[in-house]
Amino acid sequence: MSEWRRVTIGDVIEGLYDGPHATPKPSLSGPIFLGIKNITEDGKFDLSGIRHISNEDFPRWTKRILPSEGDIVFTYEATLNRYAIIPKNMQCCLGRRMALLRIDSNKVNREFLFYYFFSEEWRKVIDQNIIVGATVNRIPLSEFESFPLRLPDIGIQEKIASVLSAIDQKIDINNQINQELEAMAKLIYDYWFVQFDFPISKALAAQLGNPALEGKPYKTSGGPMTYNPQLKREIPEGWGDGTFDTIGTIIGGSTPSKKEVDNFCKGNGMPWITPNDLSHNTGNKFITRGEYDVTEKGMKSASLKVMPTGTVLLTSRAPIGYVAIAREDVTTNQGFKSIVPDKDCSTEYVYFTVKSYISVMIQYASGSTFKEISGSTLKMIKIAIPPTTLVEQFTKTVQSTFEKQNNLELQSQKLTELRDWLLPMLMNGQVTVG
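A brief look at the structure comes next.

1. Concerning the pattern of salt bridges
- Per the counting criterion, the structure on display carries 20 salt bridges.
- Lys-44 is paired through a salt bridge with Asp-172; the nearest N and O atoms lie 3.2 Å apart. Highlighted residues: Lys-44 in the loop between β3 (27–34) and β4 (51–52) and Asp-172 in helix α5 (residues 154–194), separated in sequence by 128 residues.
- Look at Asp-172 and you get partly exposed, because its relative accessible area is 35%.
- For Glu-409, the salt bridge identified is with Arg-327, shortest N-O distance 3.1 Å.

Written out as structure tokens, the structure reads:
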């Protein structure tokens, strides 16, 4: 560690830039208007719910600085310690409370500096410089260039960055594979249960009096449709109608008193999931546990119901619409209306059915402080109910896809744990890279 030299941020950058202290007119398209919410805690870009700026306004908003590939953007007010490296071909401008470092690559390896920002040493520097405000905290940008850091020689920087980058690249690949698997499985669900172009079985083809229809898409091939007055639309003959109560048991959650400290524990009780846990699980399909578990005492005090592996967890408020699958037995707080699939309805089918009705649920949500969907609402929303045999066929078709996604998520979690274990030891010199 003694070989690491002490410098300041100002010693290793070409420039520090702030974005405009205003918000542009919203636009449906155009360059990205980067906000705090678009950078995750682990240094990734989350472009879901991204805002755009018009091409006409873009030059004015990038007059001070145009973010370029390799720049490090970071947050300096309200939510601190969010960092990300601008990738190739990202056309964007800085939002409020965001700043940018343009690195001098002759003096510091940008990936090393990026990972250094996640080190305990750097977080202490940030904590020491926080200005507590009436509404939000911030760090003074005017003094940011004087913030200290310690650097090994450039060769060691490159080696450390290479190790950590390799882990992150594997995580990124896993995430990309899972996104593609998700798109494929959803495509099948939509074809079968939304567009009604499920493959005609041999038995159904015989029933329709045309064996040649076996394997052909139902609706496109002229499969008979019938008007359902409850759904107010046509559905395939032989299908019925129901609600979410038809495909599973709807279970809410609750919160044990937080005044009783021994109602909660970490890692060795019954998993207890909150909407906030799902917000940190974005990009994953499965979840094992949240930040806190509940103890047996806590479960009894709040009359929590344990839901089995495969339960589809749905947040019913703050916000509505986060969905995940329980990897193990779980409980939740009151922000959920989860569905334990009926014996004739698999987790795979219920998962996509719930996701396909999120926009409808939001329309039915009510509440003065914040919108919420109730269990009775889920028992009121009408859905088409396919034959059990078709649900079984769908489950067999996508089951292996779900298993692959689960395995890749678990692998990524292990890699994340490895990276987070290595990072502090690499940054304080406890572990060296040969």
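2. Considering the layout of surface pockets
- Taken as a whole, the second largest pocket holds about 340 Å³ of empty space.
- At the level of secondary structure, the elements contributing two or more residues to the lining of the second largest pocket comprise α6 (202–207) and α13 (388–427).
- Top element by residues in the lining of the second largest pocket is α13. It accounts for five residues.
- Per-class residue counts for the lining of the second largest pocket are 11 nonpolar, five polar and three charged.

3. Thoughts on the nonpolar core
- Membership of the largest hydrophobic core comes to 46 residues, with the highest contact counts inside it found for Phe-244, Tyr-349, Val-354 and Met-361.
- Setting aside chain neighbours within four positions, we find Met-361 in contact with Phe-244, Leu-314, Val-354, Ile-373, Leu-378 and Ile-381.

4. A word on the sheet that holds strand β20 (residues 331–332)
- Strand order in the open sheet formed by four strands is β14-β17-β15-β20, and the pairing between neighbours is mixed. Two strands in the sheet have a free side with no partner beyond their single neighbour: β14 (264–265) and β20.
- Bridging between strand β15 (residues 270–273) and strand β17 (residues 293–294) involves two bridges; their strand directions are antiparallel. Residue pairing in the sheet places Met-270 in a bridge with Val-294 of β17.

5. Some remarks on helix α3 (residues 120–128)
- Taken as a whole, α3 has its buried residues at Trp-122, Val-125 and Ile-126. The buried side chains of α3 occupy one side of the element, clustering within an arc of 100° when seen end-on. Facing away from the buried side of α3 by more than 90 degrees, the exposed set consists of Glu-120 and Gln-128.
- If you follow the buried residues of α3, they end up packed against β6 (83–85), α2 (110–116), α4 (141–144) and β9 (148–151).

6. What about the sheet that holds β6?
- Judged by pairing direction, the sheet is antiparallel, and its four strands sit side by side in the order β2-β8-β5-β6 without closing on themselves. Among the strands making up the open sheet, the edge pair consists of β2 (13–18) and β6. Across the sheet, the mean angle separating the axes of adjacent strands is 20° when strand polarity is ignored.
- Of the pairings in the sheet, the one linking strand β5 (residues 72–75) to β6 comprises three bridges and is antiparallel in character. Bridge assignment links Phe-74 to a residue of β6, and that residue is Tyr-83.

7. Looking at the side chain of Thr-315
- Assignment of secondary structure puts Thr-315 in strand β18 (residues 312–316).
- Of the polar contacts made by the side chain of Thr-315, one reaches the backbone oxygen of Pro-319; its length is 2.7 Å.
- Not counting chain neighbours up to four residues away, the residues in contact with Thr-315 comprise Pro-275, Leu-278, Ile-320, Gly-321, Tyr-322, Gly-335 and Phe-336.

8. Concerning unusual backbone geometry
- Residue Pro-319 follows Ala-318 across a cis peptide bond; omega there is -5°.
- Looking at the element boundaries, Pro-319 is found in the loop between β18 and β19 (320–326).
- For Arg-97, which is not glycine, the phi dihedral falls at a positive 65°.
- With respect to the helices and strands, the residue Arg-97 is situated in the loop between β7 (92–94) and β8 (98–103).
- Judged by relative accessible area, Arg-97 falls into the partly exposed class, the value being 27%.

9. Details of the packing of α5 against α13
- Two numbers describe how α5 lies on α13: the axes approach to 9 Å, and their chain directions differ by 165°. One finds that α5 runs roughly antiparallel with respect to α13. Of the two possible hands of crossing, α5 and α13 adopt the one that is left-handed.
- Considered class by class, the residues forming the contact of α5 with α13 number 23 nonpolar, 10 polar and six charged.

10. Some thoughts on the pairing of β15
- The side-chain alternation of β15 yields two buried faces, one formed by Met-270 and Trp-272 and the other by Pro-271 and Ile-273.
- Pairing geometry for β15 and β20, over two bridges, is parallel. If you follow Trp-272 over to β20, its bridge partner there is Thr-331.

11. Regarding the packing of aromatic side chains
- Enumeration according to the criterion identifies 32 aromatic pairs in this entry.
- Here Phe-117 and Trp-122 contribute two aromatic rings whose centre-to-centre distance is 4.8 Å and whose plane-to-plane angle is 50°, an arrangement assigned as tilted.
- Taking the relative accessible area as the measure of exposure, Trp-122 reaches 0% and is therefore buried.
- On the numbers, 5.1 Å between centres and 40° between planes, the contact of Tyr-189 with Phe-193 is tilted. Of this pair, Tyr-189 and Phe-193 both sit in helix α5, separated by four residues, roughly a single helical turn.
- Overall, the relative accessible area of 8% leaves Phe-193 in the buried class.
- Taken together, Trp-4, Phe-74, Tyr-83, Phe-112, Phe-114, Tyr-115, Tyr-116, Phe-117, Phe-118, Trp-122, Phe-144 and Phe-147 form an aromatic cluster joined through their ring pairs.
- A cation sits over an aromatic face here: Lys-285 above Phe-402, 3.4 Å from the ring centre.

Analysis parameters
Residues numbered from 1 in each chain as written. Predicted model: local features only at pLDDT ≥ 70, side-chain atom pairs only at ≥ 80, totals over all residues. Heavy atoms only, no water. Salt bridge = Lys/Arg side-chain N within 4 Å of Asp/Glu carboxyl O. Helix = DSSP H or I, 4+ residues; strand = E, 2+ residues; numbered from the N terminus. Buried < 20%, exposed > 50% of the residue type's maximum accessible area, 1.4 Å probe, protein only. 1 Å grid on protein atoms, 1.4 Å probe; cavity = no way out; pocket = protein on both sides within 12 Å on 5 of 7 lines; lining within 4 Å. Points joined across faces, edges and corners; volume = space filled by probe spheres on them. Nonpolar A, V, L, I, M, F, W, Y, C, P; charged D, E, K, R; others polar. Core = buried A, V, L, I, M, F, W, Y, C linked by side-chain atoms within 4.5 Å. Contact = heavy atoms within 4.5 Å. Pairing = 2+ DSSP bridges. Arc of directions from axis to C-beta. Axes fitted to C-alpha atoms, helices over the stretch in contact; angles between N-to-C directions. Polar contact = N/O pair within 3.5 Å; in protein donor to acceptor, adjacent residues only side chain to side chain. Parallel < 35°, antiparallel > 145°, perpendicular 65-115°, else oblique. Left-handed = near helix turned anticlockwise from the far one by under 90°. Phe/Tyr/Trp six-rings, centres within 6.5 Å; stacked < 30°, edge-to-face > 60°. Lys NZ or Arg CZ within 6 Å of the ring centre and 35° of its normal.

From the geometry alone we can't say anything about function, so treat these as descriptive.
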